[in-house]
Amino acid sequence: MFRKLMKLEEAKKVIDENFKPAQLGDEDVALLEAYNRVLKEDIVSQMDVPSFDRSTVDGYAVKAEDTFNADENQPMTLIVSGMTFAGEQPRMVLSKGEAVEIVTGAPLPEGADAVVMVEDTERMDDQLQVYTAVTPKMNVMQRGSDIKSGETVLHAGQVLGASEIGALAALGLTKTRCFKPPMVAVLSIGSEVIEPGKLLPAGKIFDINAYSLSTAVIECGAKPIFFGVVPDDKASLSKTLTAALASADVVITSGGVSVGSRDYTPQIVDSLGKPGVVVYGVAVKPGKPTTVAFAQDKPLFSLPGNPAAALLMFYLLVRPVIQRLCCRAPSDMRSIKAFAGVKLFSAKGRRTFVVVRLVLDVEKCRLIAEPVAGASGAITSLTGADGFVEVMENQQYINKDEEVSVKLFRSV
């Protein structure tokens with residue numbers, strides 16, 4: 001039997017009171033492996049970027065003062081004394097009355113301070129007619145204009161995405177110092193569950209949760225450790241959970257957590273160490289059987305077997321804990337405004353999360369949140385869902401066409 005169900009906020013508070021984030025250390029990470037990792041320290045540039053004045057257009061490098069009187073009716077004539085390409089260091093020195101042909105990205109030769117676009121010139125052999133005046137620095141990206149030596153480019157705690165890794169590469173770095181990611185053990189429980197790739201006997205189902213939850217763990221910046229499927233057997237489950245707790249910073253199970261005669265998970269996780277189970281059931285729908293325990297200062301989350309319920313409870317309770325272990329500030333799920341497509345009811349005394357898909361109402365130019373058909377165990381409730389709508393405990397229903405906030409599972 002479940003003890004008195006906790007409200008969602010109570011469960012979060014109890015988790016925070018028992019959660020003592022471990023110091024996992026840091027390590028050097030190669031740039032191509034640093035995506036989604038968290039910086040341990042500030043990155044201070046040791047160089048100017050770019051490290052030279054460079055042309056931003058194809059054209060001619062000039063002394064700006066040689067073009068001051070140029071216009072369409074009275075062009076200035078300059079002598080072309082050479083050409084410079086990107087990646088080459090110019091050897092010539094520009095004198096008064098001269099121009100050097102230059103391509104985008106090439107360094108300016110000594111003596112030049114501007115670039116005339118090729119469209120504003122006309123050339124005959126080494127004679128160049130300039131039809132537009134330019135000012136100093138025009139069409140030139142100056143040395144250090146992007147990043148200056150001594151400038152802090154990235155800050156400790158930043159999550160490394162494509163642009164941040166590109167910035168590190170621009171500084172000539174091949175590795176960077178990052179916090180070590182937490183290891184998260186993931187296992188599915190149930191004699192009816194088998195791993196994908198095996199022959200599917202009658203009455204069995206393929207393991208969904210270990211894969212969806214492991215992917216959600218990766219999205220948080222942590223590393224999942226796949227412990228496979230464990231049958232509804234006390235000895236096997238106890239052995240596997242003991243090994244998972246020893247090898248990981250967080251343990252996530254799914255299935256075997258309700259009130260059936262073979263649902264052993266709550267009593268086993270409670271026996272692994274003090275304080276044991278701290279949350280035994282949450283007043284939500286779906287996800288009521290969710291159990292949370294702590295042993296050896298490590299959290300163990302036992303989620304329902306239904307795929308949609310397991311993933312939903314991961315987002316609500318597990319995700320913030322993993323983010324903190326990753327040295328990230330816990331971030332709320334993104335949300336978007338929409339309008340209820342039908343009347344949405346709550347379960348009596350429980351906060352209800354209605355899994356929905358978003359449909360565009362072209363006539364009224366608005367998004368409609370429509371409940372995804374099927375029970376919380378249906379595969380379509382995962383693949384067809386964009387997010388969920390909360391119906392509060394003290395709220396009987398949300399009317400059709402009422403504005404709602406949809407928490408998003410992914411970008412829409």
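Use the structure listed above.
In what follows, the accompanying structure is described. (Residues numbered from 1 in each chain as written. Predicted model: local features only at pLDDT ≥ 70, side-chain atom pairs only at ≥ 80, totals over all residues. Heavy atoms only, no water.)

Turning next to the pairing of strand β5 (residues 76-84). As judged from the four bridges shared by β5 and strand β9 (residues 127-130), these two strands associate in the antiparallel manner. Bridging across to β9, Met76 finds its partner in Val130. (Pairing = 2+ DSSP bridges. Helix = DSSP H or I, 4+ residues; strand = E, 2+ residues; numbered from the N terminus.)

Sheet architecture is open: six strands sit in the order β7-β4-β6-β5-β9-β8, paired in mixed fashion. Of all strands in the sheet, those bounded by a partner on one side alone are β7 (114-117) and β8 (121-124). Ignoring which end each strand starts from, the neighbouring axes of this sheet average 40 degrees apart. Note that β5 and strand β6 (residues 98-102) share five bridges and pair parallel. Residue pairing for β6: Met83 is matched across the bridge by Glu101. (Axes fitted to C-alpha atoms, helices over the stretch in contact; angles between N-to-C directions.)

The subject of this paragraph is the pattern of salt bridges. One pass over the structure, following the stated rule, counts 17 salt bridges. Of the charged contacts, one joins Asp28 and Lys175 as a salt bridge, the two residues approaching to 4.0 Å between their closest N and O atoms. Linking Asp28 in strand β1 (residues 26-30) with Lys175 in strand β12 (residues 175-179), this pair joins segments that are 147 residues apart in sequence. According to the relative accessible area criterion, Asp28 is partly exposed, its value standing at 44%. Its salt-bridge partner being Arg123, residue Glu101 comes within 2.8 Å of it at the nearest N-O pair. Of this pair, Glu101 sits in strand β6 while Arg123 sits in strand β8; the two residues are 22 residues apart in sequence, bridging distant segments of the chain. You can call Glu101 partly exposed: its relative accessible area is 24%. Looking at Arg123, the relative accessible area reads 37%, which means it is partly exposed. Several salt bridges share partner residues, and in doing so they unite Glu9, Asp332, Arg351, Glu390, Glu393 and Lys407 into one network. (Salt bridge = Lys/Arg side-chain N within 4 Å of Asp/Glu carboxyl O. Buried < 20%, exposed > 50% of the residue type's maximum accessible area, 1.4 Å probe, protein only.)

Taken together, the three bridges between strand β4 (residues 59-62) and β6 define a ladder with antiparallel strand orientation. Across the sheet, Tyr60 pairs through a bridge with Glu101, a residue of β6. Where β4 and β7 come together, four bridges link them in antiparallel fashion. Of the residues in β7, the one forming a bridge with Ala61 is Val115.

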